[in-house]
Amino acid sequence: MTFDPIQTIECGYAPVESSEQWLEQLAHEIIPHVDPGWVTGAAFVVAIPGPPDHFVPVIRPGSAVDPELNRRMLTAAHLTSKPEQMHAVLQAARTPGVSSVVDVVGELSPGLVETSPMPVGDSLAVFVNTGSEVVLFATVNERRVLLSDATKRLWQRVAVHLAAGRRLLGRARSTDASDVEAVLSPGGEVSHATGEAQDAREVLRAAVKDMDRARTREGRKDPMHALELWRGLLAGRWTLVDHFDSDGRRFVLARKNDPSVPEPRALSPRQRQVVFYASLGWSNKEISYALGLSENTVSAHLAQSLSKLGIATRADLVRMATEVALAAAIPIPSPG
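Conventions we followed
Residues numbered from 1 in each chain as written. Predicted model: local features only at pLDDT ≥ 70, side-chain atom pairs only at ≥ 80, totals over all residues. Heavy atoms only, no water. Pairing = 2+ DSSP bridges. Helix = DSSP H or I, 4+ residues; strand = E, 2+ residues; numbered from the N terminus. Axes fitted to C-alpha atoms, helices over the stretch in contact; angles between N-to-C directions. Contact = heavy atoms within 4.5 Å. Buried < 20%, exposed > 50% of the residue type's maximum accessible area, 1.4 Å probe, protein only. Polar contact = N/O pair within 3.5 Å; in protein donor to acceptor, adjacent residues only side chain to side chain. Phe/Tyr/Trp six-rings, centres within 6.5 Å; stacked < 30°, edge-to-face > 60°.

1. So, the sheet that holds strand 1 (residues 38-45)
Moving on, step 1. The five strands are arranged 2-1-5-4-3 in an open sheet whose pairing can be described as antiparallel. Among the strands making up the open sheet, the edge pair consists of strand 2 (53-59) and strand 3 (97-100). The sheet shows a mean angle of 20° between the axes of neighbouring strands, taken without regard to direction.
Moving on, step 2. Sheet topology note: the strand 1/strand 5 (residues 134-141) ladder contains seven bridges and is antiparallel.

Next comes the structure, spelled out in structure tokens:
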């Protein structure tokens, strides 16, 4: 099967009734494409230090693994992982994209190896970080998997879109929903705008045209260029999604969808977003893509934020945030 990242992104934005349905449709879309040599896989919400939540198994036809065995394999992997391995997974899960679990933790947990009916050489994981939770799409492969830099960059872009789609779950599907700040035609004409969208009509119009160019047959020939045109967030505020009315007419809605991030209150909402992603170790380029801001804007927000927080360097911010997150999630027991 040929992988079409735009199709995967559209699947992530498709309206569904529940978290489970969202996981189900994406698990079958992502797992066969992220790992062509997959034998079995699963989608779930990462619950560290607790067990995975909302588990959705995916089994390759002809595999010796059934859904219940799939679940036992994942549970055994979780229970037999060393604390330092769980720390490594938590750190990896903070950044969207795809990773080899062997690359992340050094070796697979004995529980996974012992419960599997076939040899296990590796596991690939696609991490989707929404800002408030992490969703993981994982595979099991009989062989070791080496990921190219191009593959990692592609899945990082896809994962950013999936996080934006995940944040839209449960919202009203109407043009007058509270988070809809603009309604546009497929050609980009703005028929309605409120709040900040009133002063961003040209930005929104251009973004709708770019989104549709990315979705054309010609646009899909170059996936990375298509994903550069169509971003998960625009101007740090809006996600563009399709809406069809009762007679089938298509509109594009600009929905306020910026990730909510925690304190400090000394920072503006946009500065908190930039600091949050910077604290995860993201580069300015990665933050620029995730928030739909220019790299210069990201750089300026980060410099102002570090000054307000009294933090000397970006490295100090990452180190401090990592220590806090890891200590809160899985305290490492002291020797003896």
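2. Quick look at the sheet that holds strand 8 (residues 238-244)
Moving on, step 1. The antiparallel open sheet is built from four strands, whose spatial order is 7-6-9-8. If you trace the sheet from one side to the other, it starts and ends with strand 7 (190-193) and strand 8, each paired once. The average undirected angle you get between the axes of adjacent strands in this sheet is 20°.
Moving on, step 2. Across the sheet, helix 8 (residues 201-214) lies against strand 6 (180-184), strand 7, strand 8 and strand 9 (250-256), angled at about 65° from strand 8, the strand it touches most.

3. Some thoughts on the side chain of Ser-123
Moving on, step 1. For Ser-123, the position within the fold is in the loop between helix 6 (110-115) and strand 4 (124-129).
Moving on, step 2. For Ser-123, a relative accessible area of 9% gives the class buried.
Moving on, step 3. Among the polar contacts made by the side chain of Ser-123, one reaches the main-chain carbonyl oxygen of Thr-139 at a distance of 2.5 Å.
Moving on, step 4. Apart from the residues within four sequence positions on either side, Ser-123 is in contact with Ser-99, Ser-100, Val-101, Leu-108, Ala-138 and Thr-139.

4. Things to note about the packing of aromatic side chains
Note on aromatic pairs: each is described by the distance of the centres and the angle between the planes.
Moving on, step 1. Taken as a whole and judged by the stated rule, the model has six aromatic pairs.
Moving on, step 2. On the basis of an interplanar angle of 10° and a centroid distance of 4.9 Å, the ring pair of Phe-3 and Trp-155 is categorised as stacked. Within this pair, whereas Phe-3 is found in the segment before helix 1 (5-13), its partner Trp-155 is found in helix 7 (residues 149-167), the two being separated by 152 residues in sequence.
Moving on, step 3. A residue is classified by how much of its surface remains accessible, and Phe-3, at 22% relative accessible area, is partly exposed.
Moving on, step 4. Ring geometry for Phe-44 against Phe-55: centres 6.4 Å apart, planes inclined by 20°, an arrangement best described as stacked. Of this pair, Phe-44 sits in strand 1 while Phe-55 sits in strand 2, and the two are eleven residues apart along the sequence.

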